[in-house]
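# A structural walkthrough
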Amino acid sequence: MTRSYLRFAAWLACALLVTALDNGLNAKPAMGWNSWNAFGPTINEEIIKDTADRLVALGLRDAGYVYLNLDDGWSDLKRTADGRLTANKTAFPSGIPALAKYVHSKGLKFGIYADAGNMTCAGFPGSLGFEEVDAQTFADWGVDYLKYDNCYAAQQQWVVDRYTAMRDALNATGRPILYSLCNWGVAEPWLWASGVGNSWRTTEDIEPTWDNVVKLLEYNVGLSQFAGPSRGWNDLDMLFVGNSRLGEYHPFGPFYQEQRAHFALWALFKSPLFIGHDLRNLNSSFVDLLKKKEIVAMNQDELGVAGDLIWQQGTRKIFATALAGGSRGVVLWNLQTTQSQYPLSNITVFWEQIGLGGSQRATVRDVFSERDLGVFSGSFSAAVAFHDVAVLRVTPVEGPLDDSWRPWHAQPLYAPQPANLAVPSAAAWIAGYTGPSSSGSGPGSKQQPDIRKASFSPPASSGPPSFAVVLSVLASLAALGVVGYFVVLHMRMRGWQQLDENEGARKMSEMSQTRRYSPPGS
Ligand code: GAL
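Being a predicted model, the structure only gives us computed values, none of them experimental. (Residues numbered from 1 in each chain as written. Predicted model: local features only at pLDDT ≥ 70, side-chain atom pairs only at ≥ 80, totals over all residues. Heavy atoms only, no water.)

Take the site of the ligand next. Within the structure, the ligand sits among Trp36, Asp71, Asp72, Tyr113, Cys121, Lys147, Asp149, Cys182, Trp184, Arg201, Asp205 and Met238. Tryptophan 184 has a polar side-chain atom sitting 3.0 Å from an oxygen atom of the ligand. About the coverage of the ligand: the protein hides 95% of its 310 Å² of free accessible area. Classifying every residue of the shell around the ligand gives six nonpolar, no polar and six charged. (Near = heavy atom within 4 Å. Polar contact = N/O pair within 3.5 Å; in protein donor to acceptor, adjacent residues only side chain to side chain. Areas by Shrake-Rupley, 256 points an atom, 1.4 Å probe, with all protein chains shown as cover. Nonpolar A, V, L, I, M, F, W, Y, C, P; charged D, E, K, R; others polar.)

Dropping the structure here:
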């Protein structure tokens, strides 16, 4: 009897060992720098070494940005004769082990990129079928972090299996390598990737526009309950803080208040924080922004509760999280349009919304300016400039100091859907949804059309185009020309207007500094 218990216990221990990620790197979201947003696939060892030097010199390493990660483009187009990945010799003449050594000598950790398919997204060799040799190569090279992408795999090669294969290969090396799943939210990784990776991307790639930043954030609402030190982290993708391309390519892209909203919300959601900017020309105000101690501390808080949306009305939103020791982190966000001539919105957070007693007295601290604003009971109001945030730390001055509240408590928005909380099966995903009755027969039963089979066949064309067709093509071209002219004109005017508005925003922001933290009765 005892022997069979022992045998069962041994089997269970083995099963657990092979079914969980065992690198011990889940405690906090990772922080660092990644090459992709600034350099794309054109990286080389000079850039990486220079970035290592700058991470140290700019104080970013000491602020917590310790991983220096190569993204796509580092490898050669071919594996070596013995089937190993190898670096592009022109770009990395000293080789990856030497580069990793340099990075380590700066007190940083070294990260690399690979792909769970036949090729990386930029066309370099993929790791599908080569998991063991690649994981071992990375371990031999001294790699500390693997970003694992999702390009070029067939649908039948089930995503969970592909990512689990690399998890097992990394485990087998015995080197703790942080495993970051970059599968763009495919098949809802927040439901299955805990125990597979330390973090998982929840969305497609970030773009350097304000609308995209807002969109990615919205996609992540409701997902925070799936993150934490015992599970892993939702990855909202790399930061675009300070990216100088914003202005050039996106005349309506983020400015300072948008960038700090982007940064504060990524931090509150406990996303890994990866700088995506070329450090050679990162404006010092953005370096300071990235180093904001108390924002970073919120991201790295011991309790590890990811923040989430707790209230919204129109263009005003409140996000919150629980922090170690019973404080709350709160972000008041004004999403009002930049077109408004009244760009301030009053936003009030009530203590009941963040799990505190209605009349409890609490210290409110402005996290960006690192100033206590006073003791308030019941609520706190701030006038927030458009697209800007007020980031607050609310700490009860008397008990109970309760850190068991979670942002998703009592929110109908987050009511769980038990049927969906299981790890999706490959069969279900690959077969696709066919509706409750797969036979499609019988009175009243409907069958979901299989949209993958639907095909669009253009009408067969025959003979030369008719006069009407030629005329409509010419008319369309002329219309396009006129529209193009007005678009260019508008963009130029809008560019100037944007500058004015930005100036206006600065002024309003200054005003809000004085008005912001004086709620009635304080
Ligand atoms: C994408 C990924 C990006 C970047 C790129 C490289 O799939 O989401 O972050 O790594 O591939 O090709």
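What follows deals with the sheet that holds strand E3 (residues 109-115). Strand order across the open sheet formed by eight strands is E7-E6-E5-E4-E3-E2-E1-E8, with parallel pairing between neighbours. Each having just a single partner strand, strand E7 (233-235) and strand E8 (273-275) make up the two edges of the open sheet. Ignoring which end each strand starts from, the neighbouring axes of this sheet average 25° apart. As defined by bridge partners, strand E1 (residues 31-34) adjoins strand E2 (residues 67-69) across three bridges and the pair is classed as parallel. Residue pairing for E2: tryptophan 33 is matched across the bridge by leucine 68. (Pairing = 2+ DSSP bridges. Helix = DSSP H or I, 4+ residues; strand = E, 2+ residues; numbered from the N terminus. Axes fitted to C-alpha atoms, helices over the stretch in contact; angles between N-to-C directions.)

Another aspect to go through is the pattern of salt bridges. In the structure shown here, the tally under the stated rule is 19 salt bridges. For aspartate 53, the salt bridge is made with lysine 106, and the minimal N-O distance between the two is 3.6 Å. Separated by 53 residues along the polypeptide, aspartate 53 in helix H3 (residues 45-57) and lysine 106 in the loop between helix H5 (96-105) and E3 bring together distant segments of the chain. Residue aspartate 140 pairs with arginine 84 through a salt bridge whose shortest N-O separation is 3.9 Å. In this pair, aspartate 140 sits in helix H6 (residues 131-141) while arginine 84 sits in the loop between E2 and H5, placing the two residues 56 residues apart along the sequence. Using a relative accessible area of 28% as the deciding quantity, one classes arginine 84 as partly exposed. (Salt bridge = Lys/Arg side-chain N within 4 Å of Asp/Glu carboxyl O. Buried < 20%, exposed > 50% of the residue type's maximum accessible area, 1.4 Å probe, protein only.)

This paragraph deals with the confidence of the model for the chain. Looking at the chain as a whole, its pLDDT mean stands at 82, while 74% of the residues score no less than 70. Counting interchain partners and residues more than four positions distant, the pLDDT-below-50 stretch residues 246-253 has 15 contacts. Low pLDDT, under 50, characterises residues 491-522; the stretch is placed with 49 contacts to residues that sit more than four places away or in other chains. (pLDDT = per-residue confidence, 0-100. Contact = heavy atoms within 4.5 Å.)

Taken as a whole and assessed by the stated rule, the structure comprises 13 aromatic pairs. On the basis of an interplanar angle of 55° and a centroid distance of 6.2 Å, the ring pair of tryptophan 33 and phenylalanine 39 is categorised as tilted. Take tryptophan 33: its relative accessible area is 0%, and that puts it in the buried class. With 6.4 Å between their ring centres and 70° between their planes, tryptophan 74 and phenylalanine 138 make a pair best called edge-to-face. Taken as a pair, tryptophan 74 in the loop between E2 and H5 and phenylalanine 138 in helix H6 lie far apart in primary sequence, 64 residues in all. In this pair, the class of tryptophan 74 matches that of phenylalanine 138, namely buried. Among the aromatic residues, those joined into a ring-pair cluster are Trp210, Phe269, Phe319 and Trp333. One residue, lysine 49, lies across the ring of tyrosine 102, its end atom 5.1 Å from the ring centre. Its guanidinium or amino end placed over the ring of phenylalanine 130, arginine 79 lies 3.7 Å from that ring's centre, counting from NZ or CZ. (Phe/Tyr/Trp six-rings, centres within 6.5 Å; stacked < 30°, edge-to-face > 60°. Lys NZ or Arg CZ within 6 Å of the ring centre and 35° of its normal.)

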